[in-house]
Amino acid sequence: ALIKNGLADRCVSVPVREATDADILLVHSEEYLEAVKKTPYMTLEDLKEFTLQYGDVYFHPNIYHCAKLAAGAALQLVDSVMTGKVRNGMALVRPPGHHSMSSAANGFCVFNNVAIAAQYAKQKYGLKRVLIVDWDVHHGQGVQYCFEDDPSVLYFSWHRYEHQKFWPQLRESDYDSVGKEKGAGFNINVPWNKVGMKNSDYLSVFCHVLLPVAYEFCPDLVLVCAGFDSAIGDPEGEMCASPDIFAHLTHLLMNLAGGKLCAVLEGGYNLTSLPQSVCQTVQTLLGDPAPRPANLDGPCESALESLHCVRSAHRQYWSCLKHAGIAVLSDHFCFYYNYDLIFYIIHKCVVFSTIRENFVKDADDCHALTTLSSLISLVEKMEKNEVQHRILFLTFRGCSDASGFLQAVLGLLLPLGYEYDPSLVLLVRMPDSGVCDSVWQQLTGLLQGLAQGHTLVLMQEGEKERVAPTASALLGDAAPSLGQLHSPLPEDVEVLERLRHRLQGDWKLLQTTGEFTTAASHINITHNLTSMDLEKTISTM
Ligand SMILES: *[C@@H]1O[C@H](CO)[C@@H](O)[C@H](O)[C@H]1NC(C)=O
Ligand SMILES: [Zn+2]
């Protein structure tokens, strides 16, 4: 599929090598390695006997060789990314690795490719923090066991669980296994207790758990246990997420760690959706815009319940989740145009009539009008062939606190943007935005997951020094890391939570818990304020 879609030609092909004993011993015991080493010489009877001591794994005389190549390929990828030979990459390997334990093969896995890669990266490149995102539909218990007391590796996994009825049926795959001792808080399990999870459920967990925590953690490298049995049609996963969701999951991780991302193949058993999903992932890694995700109708009740449990279990470890599970007092007369963050969602006609009127009124030279007409023709060009016109229009003011701002972007703006599904994102940088370059680049980068990457940034003339960082983000360069973030200001959190609470009746992707009441009466107020403030904004442009 990669060749057929012209993707293979656009990639740098990195030769694989065999993992050495020393590499394998970073994770596995000497006894286990010695035992696996003997398998190429065993009789069929001996192999069957050997296999019986492990769960759901098969040993072929050739598997030791293949397993060494799989782990070695992951290490070659880490080397290529860490030395800057490539920006990011994907290792297409078999056997998979994430179920394999220190002294036991398990679930088709012999050596734990990603766990070895994480240890290797830490040791060879002195990395302080590695994030492992496991989007395979099974729990990578082998990775969990390897790092559960290690705060330098944050392991995130979502997995089909069904209240412990689904393989590997472990109590410790549930949300309350958060890590041990110094590693408490650095193991995040999101159990899926029902099958049929969809794009909304996946995106919702990314926006409300993984991304806020990942940004707070601030990894030096992102590794992905990229299993695609979580895609539609897979006989193991029985989930309903479409292959293009992997473009978005990939995109959302690409601004972490300065873009250093290594995906390593794990499961995936449907020969239709597996290649499609891999292509979506690779295409996104290459910098192509992600397709607009279909059917984002909000998370299901069971997913919301899991989301709520995970956020609550981790609130004591992550300041971005501190407020999770706390009931928000509803304040009926809270006018949010006073707040630091303001956003608008409007239809094309509204934006343009407002811009036109205000410009015509305020413009006392023809320069502004020329600018305006070229802007409009630019937008029209960008939108050619689009049937539906939706524009997400954003402006920011006084957002000097990076933590609170990022929290707003991840927990409010992205889910809202995804559900709104605009055909264009219009991003206005006000002179008093207070947003520093690296935060601005994160924002610009993250928002390019929307509207097939159709993003238009408006800046004021006096902001020349902002142009280069903006252009770099628009060109797809990873945003610089924000460093480890401090707690967001309590007043920011309160404002955001209240806003989220108020809007979640209309915007299902903003929900983080199943038990909430809709504040429908506020919606009118919201819309009025929106257009009122819009005019104010436009006239200062
Ligand atoms: C694979 O998934 C597709 C949907 O993407 C489905 O139509 C097909 O039946 C599945 N094949 C198998 C063998 O399960
Ligand atoms: Zn799997």
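Reading the values: the criteria
Residues numbered from 1 in each chain as written. Chains lettered and ligands numbered in written order. Predicted model: local features only at pLDDT ≥ 70, side-chain atom pairs only at ≥ 80, totals over all residues. Heavy atoms only, no water. UniProt positions renumbered as here; feature names shortened; annotations may be inferred. Core = buried A, V, L, I, M, F, W, Y, C linked by side-chain atoms within 4.5 Å. Buried < 20%, exposed > 50% of the residue type's maximum accessible area, 1.4 Å probe, protein only. Domains from an automatic or database assignment. Axes fitted to C-alpha atoms, helices over the stretch in contact; angles between N-to-C directions. Helix = DSSP H or I, 4+ residues; strand = E, 2+ residues; numbered from the N terminus. Parallel < 35°, antiparallel > 145°, perpendicular 65-115°, else oblique. Contact = heavy atoms within 4.5 Å. Nonpolar A, V, L, I, M, F, W, Y, C, P; charged D, E, K, R; others polar. Expected span 1.5 Å × (residues − 1). Donors = N, O, S within 2.8 Å, 3.2 Å for Na, K, Ca; no water. Tetrahedral: all angles 85-135°; square planar, octahedral: opposite > 155°, others 65-115°. Pairing = 2+ DSSP bridges. pLDDT = per-residue confidence, 0-100.

Going by what an unreviewed UniProt entry lists, the protein is known as Histone deacetylase 10 and is assigned to Dicentrarchus labrax. Database annotation for the protein, UniProt heading Sequence similarities (unreviewed entry): "Belongs to the histone deacetylase family. HD type 2 subfamily." As recorded by UniProt, the Subcellular location (unreviewed entry) comment attached to the protein reads in full: "Nucleus".

Caption draft 1: Focus on the nonpolar core. Ranked by size, the top nonpolar core spans 80 residues in total, and within it W135, W158, F206 and L253 carry the most contacts. Viewed by domain, this core spans two of them, domain 2 (127–324) and domain 3 (353–538), each represented by three or more residues. Ranked by size, the runner-up nonpolar core spans 50 residues in total, among them L33, Y54, F59 and A118.

Caption draft 2: Representation of the packing of helix α13 (residues 402–420) against helix α16 (residues 490–503) in the model. Put simply, α13 and α16 touch, their axes get as near as 10 Å, and they point 10° apart. If you check the angle between α13 and α16, you find them roughly parallel. Across from G404, Q407, A408, G411, L412 and L416 in α13, the residues of α16 making contact are D492, L496, L499, R500 and L503. For the contact of α13 with α16, a count of residues per class yields 6 nonpolar, 3 polar and 2 charged.

Caption draft 3: Quick peek at helix α9 (residues 273–285). A rise of 1.5 Å per residue sets the reference length of α9, with its 13 residues, at 18 Å; its end C-alpha atoms lie 18 Å apart and thus fit the reference within 8%. Along α9, the residues classified as buried are S273, L274, S277, V278, C279, Q280, T281, V282, T284 and L285. Taken together, the buried residues of α9 touch β1 (88–91), α8 (245–253) and β6 (261–265). G287 sits one or two positions beyond α9 and adopts a positive phi of about 100°.

Caption draft 4: Main features of the coordination of the zinc ion (ligand 2). Coordination sphere of the zinc ion (ligand 2), protein contribution only: D136 (OD), D136 (OD), H138 (ND1) and D229 (OD), at 2.0 to 2.7 Å. Classification of the site at the zinc ion (ligand 2) rests on its 4 donor atoms, whose angles at the metal span 53 to 155°, yielding the label irregular. In terms of primary sequence, the donors binding the zinc ion (ligand 2) are separated according to D-x1-H-x90-D. Of this pair, H138 sits in the loop between β2 (130–134) and α6 (141–147) while D229 is found in the loop between β5 (221–226) and α8, placing the two residues 91 residues apart along the sequence. Note on D229: relative accessible area 0%, which makes it buried.

Caption draft 5: Looking closely at the pairing of strand β9 (residues 424–429). Counting buried positions over the 6 residues of β9 gives 6, a clear majority of the element. Along β9, one buried face is formed by L424, L426 and V428 and the opposite face, lined by V425, L427 and R429, is buried too. Direction of pairing for β9 relative to strand β10 (residues 455–458): parallel, over a ladder of 4 bridges. When the bridges of β10 are listed, V428 appears paired with L458.

Caption draft 6: Spatial organisation of the confidence of the model for the protein. Here the protein averages 85 in pLDDT, and 81% of its residues register 70 or above. Between residues 327–365, whose pLDDT stays under 50, and residues either more than four places distant or in other chains, the model counts 88 contacts. When the criterion is pLDDT under 50, residues 516–541 qualifies, and its contacts beyond four places in sequence or with other chains add up to 44 contacts.

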